Amino acid sequence: MTKISIQRHSEWNNKAREIGIYIDNKKVGVINDGDTQEYPTESGTHEVFAKIDWCRSQKIEINLNQDETKMLTLSGFKYGTWIMPILLGLLLLYYILTYVLNINAPFLMGLPAIAFLYPMYYITLGKNRYLTLTENKQN
């Protein structure tokens, strides 16, 4: 049987959300955090992408032969799992320095503001690259 298998990485920033899987612009199912799903399809060329809310992955074209299974990997945008902990850590450091130790450190408020722009790009202008869908190359 010809199938497309998608493995979703476990990431805390999208942990509670299901991601829709689309093959040839038709929603064929959803995939949960850390899950692997298989979607039967016919042989030939198919366009696959994943979608979460208004954001999605890039569309990739898959060519399947009869009785072949292609493995795809799905994850969030690059560095997405590290941005929020870093932002929260900088904000916590700012409040500890300012209110506990009475040290004025206004530059620490500027760093989270700048780092906040990175994920904002992916949920606005870069919404078609919020998710990353890649084909696993087999040797």
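Look a little higher up for the structure.
The structure reproduced in this document is the subject of the present report. If you're wondering where the values come from, they're calculated on a predicted model, not measured in any experiment.

### Focus: the overall build of the chain
Piece 1. A count of helices and strands for the chain gives two helices and nine strands.
Piece 2. Put simply, the chain runs from its N terminus to its C terminus through helices and strands in the order β-β-β-β-β-β-β-β-α-α-β.
Piece 3. For 139 residues, the compact-globule estimate of 2.2 N^0.38 gives 14 Å, and the chain exceeds it by more than 25% at 20 Å.
Piece 4. When each of the 139 residues of the chain is scored for burial, the buried share is 37%.
Piece 5. For the chain, the proportion of contacts with a sequence separation of at least 24, taken over those separated by at least 6, is 65%.

### Considerations on the side chain of arginine 56
Piece 1. Looking at the secondary structure, you find arginine 56 in strand E6 (residues 55–56).
Piece 2. The buried charged residue arginine 56 lacks any salt bridge, with glutamate 47 as its nearest oppositely charged partner at 7.8 Å.
Piece 3. Of note is the side chain of arginine 56, whose polar atom sits 3.3 Å from the side chain of asparagine 128.
Piece 4. Look past the residues within four positions of arginine 56 in its chain and what remains in contact with it is Phe49, Ala50, Lys51, Lys127, Asn128, Arg129, Tyr130 and Leu131.

### Some thoughts on the sheet that holds strand E8 (residues 69–76)
Piece 1. An order of E4-E1-E8-E9 is seen for the four strands of this open sheet, with the pairing classed as mixed. Looking at which strands have only one partner, the edges of the open sheet turn out to be strand E4 (36–40) and strand E9 (131–135). Adjacent strand axes in the sheet meet at a mean angle of 25 degrees, parallel and antiparallel pairs treated alike.
Piece 2. Alignment of E8 against E9, held across five bridges, turns out to be antiparallel. Along E9, the bridge assignment pairs threonine 73 with threonine 134.

### Overview of the environment of leucine 108
Piece 1. Among the structural elements, leucine 108 can be located in helix H2 (residues 107–123).
Piece 2. We classify leucine 108 as buried; its relative accessible area is 5%.
Piece 3. Spatially, the C-alpha atoms of leucine 108 and tyrosine 22 are 42 Å apart, while their sequence positions differ by 86 residues.
Piece 4. Beyond its immediate chain neighbours, meaning those up to four positions away, leucine 108 contacts Leu90, Leu93, Tyr94 and Leu97.

Calculation notes
Per-chain numbering applies: the sequence of each chain, read as written, is numbered from 1 onward. Owing to the predicted nature of the model, reporting of local features is limited to residues with pLDDT of at least 70; listing and counting of side-chain atom pairs is limited to 80 or more, with chain, interface and lining totals taken over all residues. To obtain the side-chain values, all non-hydrogen atoms of the structure were included, while hydrogens and water were left out. For helices the rule is a DSSP run of H or I covering at least 4 residues; for strands it is a run of E covering at least 2, with both sets numbered from the N terminus onward. Note that the radius of gyration is over C-alpha atoms, with the globule rule given as 2.2 Å times the number of residues to the power 0.38. Exposure is judged per residue with a 1.4 Å probe applied to protein chains only, and the accessible area is read against the type maximum: over 50% gives exposed, under 20% gives buried, and values in between give partly exposed. In this analysis, two residues are considered to be in contact whenever any of their non-hydrogen atoms come within 4.5 Å of each other. We treat Lys and Arg as the positive residues and Asp and Glu as the negative residues; His and chain ends play no part in the count. Any Lys or Arg side-chain nitrogen located within 4 Å of an Asp or Glu carboxyl oxygen qualifies as a salt bridge. Any pair of N or O atoms that falls within 3.5 Å is considered a polar contact. Within protein, one atom must be able to donate a hydrogen and the other to accept it, and sequence-neighbouring residues count only if both atoms are side-chain atoms. One bridge is not enough; two strands pair if DSSP finds at least two bridges between them. Under this scheme, a helix contributes an axis fitted over its contacting stretch, all axes are lines through C-alpha atoms, and angles between N-to-C directions fall in the 0 to 180 degree range.

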